[in-house]
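Architecture at a glance
Listed here are the chains, written in short residue letters.
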Amino acid sequence: MRRTSFTAFFLIFAALLAGESADSRGQANPAMKEEAPLRVALAGLVHGHASGFFDQFQHRSDLQIVGIAEADRQLAGKFAKSYGLAPGLFYSDLEEMLNATHPQAVLVYTNTYDHRRVVEICARDGVHVMMEKPLAVSLEDARAIEKAAREGKIQVLVNYETTWYRSNQAAYDLVHDKAIGEIRKIVVHDGHSGPKEIGVEPEFLAWLTDPKLNGAGALFDFGCYGADLATWLMDGSRPDAVTAVTQHIRPDIYPRVDDEATIILTYPNAQAIVQASWNWPFSRKDMEVYGQRGYAITVGRDAMRVRLPGKEEISADAKPLEKTKADSVS
C-alpha cells in the first residue's frame, strides 16, 4: 500500500473524531484532545498490506497502536519479531481486544469474507472501521455492513488505492468541467502478473485463491477498482446492465478462482469496461475516459495524456491533490 493512502485514511478519521463532541454512543468524551494520537487497533494480519502499515506508520507520533487481534499465533509471532512489537499488544479474539483496549478506529487486514463480522462487532462498540478493498464478498454481506454501520453510528472506509491517484482526480475534473464532453466510454485496466508470481506472503496467497474467503479471483481483487471509479465518474449512477466474463487461463496455478475478468457496465449513454487480470505482463492501474469531444488517459499515479477539442494530444503531470491538514504530518 502507498503512503498517500494511509495518510488520507488518518486524515478522514482524525477529522471525524476531532469533530465529535461526544463519542459514537452519545456520551461525553472529555479525554479526547485535539493533539492526542489516534488510538487504532488492527483486526487480522493475513492481508499483505498489513506489512506496509507497520513499515510506514508504526512510529508515527500522531498514531498509537493499542491492540492487534490475530488468531494465528505463528503469524502474530512473525509480526512481533519483524517489527519489535510487544507481546501485550496481541489478542487472539477481536471482541476481547476491543474490550481491553478501547480503540477509536480499527484497521482491518483480514480476508474479505471476514469484513462483515469485523464491522458488526466494531459497530456494537461504536468503533470506526477502515478495511482494504473490496467491501464484501456478496451483496448480502455488503448490506449487512451498511446496516451495522448505520445502527452503530460508525464510519466504514474502504481503501481503494486508486482513490489517492492525482491522475484520476485530474480525469474527473476534466469530465466535470465539461472539457471533454459527456462521457461515452470508460476503460479501466487493473492488475499484475498474478499474486503467486509477484511473491505475496503465503497467508495472503492462501485466501486470495479461496473462492469463499476472497469471493472470486482477479474479478474481485482488481475488478473492484474499475467499479469504484466508474461509479465516481458517473456521479453515483447505477448501470442499466452488468455483464462479466471470467476465465481460468492458468488453472494449474489458480484452480479454484478466476485469473482473468472483463466487466461491462452499460449506462443509457455510456459504457464502462473494466479489465481485471492476474495475467498482465506488468503491474498496472490506469484508466481511459472518452467524452464526446476529447479524452483523458491516466498514466500511473501522477501523469496523463489528454486530447481536447481542436487540439493535439498532450502529455502532462496531473496537479497535486489539494493540501490538507494531514499533509503537514505525512
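It should be noted that the structure appears before, not after, this text.
Residues numbered from 1 in each chain as written. Predicted model: local features only at pLDDT ≥ 70, side-chain atom pairs only at ≥ 80, totals over all residues. Heavy atoms only, no water.

1. Observations concerning helix H11 (residues 223-233)
Inspection of H11 places Gly 223, Cys 224, Tyr 225, Gly 226, Leu 229, Ala 230 and Leu 233 among the buried residues, and these make up the whole buried set. Where H11 is buried, its residues contact helix H7 (166-176), strand S7 (183-191), helix H10 (218-221), strand S9 (260-267), strand S10 (270-277) and strand S11 (284-291). Positive phi shows up at Asp 235, right after H11, with a value of about 55°. (Buried < 20%, exposed > 50% of the residue type's maximum accessible area, 1.4 Å probe, protein only. Helix = DSSP H or I, 4+ residues; strand = E, 2+ residues; numbered from the N terminus. Contact = heavy atoms within 4.5 Å.)

2. A few points about the packing of helix H4 (residues 94-101) against helix H5 (residues 115-124)
Interhelical geometry of H4 versus H5 gives an angle of 30° and a closest axis separation of 10 Å. Comparing the axis directions of H4 and H5 gives the class roughly parallel. The hand of the H4/H5 crossing is right-handed. Residue-level inspection shows Leu 94, Glu 95 and Leu 98 of H4 in contact with H5, the latter providing Val 118, Ile 121, Cys 122 and Arg 124. Among the residues forming the contact of H4 with H5, the class breakdown is five nonpolar, no polar and two charged. (Axes fitted to C-alpha atoms, helices over the stretch in contact; angles between N-to-C directions. Parallel < 35°, antiparallel > 145°, perpendicular 65-115°, else oblique. Left-handed = near helix turned anticlockwise from the far one by under 90°. Nonpolar A, V, L, I, M, F, W, Y, C, P; charged D, E, K, R; others polar.)

3. A short note on the sheet that holds strand S3 (residues 90-91)
Strand order across the open sheet formed by six strands is S3-S2-S1-S4-S5-S6, with parallel pairing between neighbours. Since the sheet does not close on itself, it has two edges, and those belong to S3 and strand S6 (156-159), each with one partner. Of the strand pairs in this sheet, strand S2 (residues 63-69) and S3 are connected by two bridges, and their pairing is parallel. Residue Ala 69 lies in a different strand from S3, and its bridge partner there is Tyr 91. Each of strand S1 (38-43), S2, S3 and strand S4 (105-108) is contacted by H4, which is oriented at about 145° to S2, the strand it contacts most. (Pairing = 2+ DSSP bridges.)

4. A closer look at the pairing of strand S14 (residues 314-317)
Remark: a regular strand shows side chains that alternate across the two faces of the sheet. In terms of strand pairing, strand S13 (residues 303-307) meets S14 through four bridges, oriented antiparallel. Bridge pairing in S14 places Met 304 opposite Ala 316. Hairpin connection, S13 to S14: the antiparallel pair is bridged by six residues, and Gly 310 has positive phi, about 75°.

5. Focus on H4
Residues Leu 94, Met 97, Leu 98 and Thr 101 constitute the buried set of H4. Within H4, the buried residues cover an arc of 100° as seen down the axis, which keeps them to one side. The secondary structure elements touched by the buried residues of H4 are S1, S2, S3, S4 and H5. Here H4 starts with a cap whose side-chain oxygen sits 3.1 Å from the backbone nitrogen of Glu 95, and that cap is Asp 93. One or two steps after H4, the chain reaches His 102, where phi turns positive at roughly 50°. (Arc of directions from axis to C-beta. Polar contact = N/O pair within 3.5 Å; in protein donor to acceptor, adjacent residues only side chain to side chain.)

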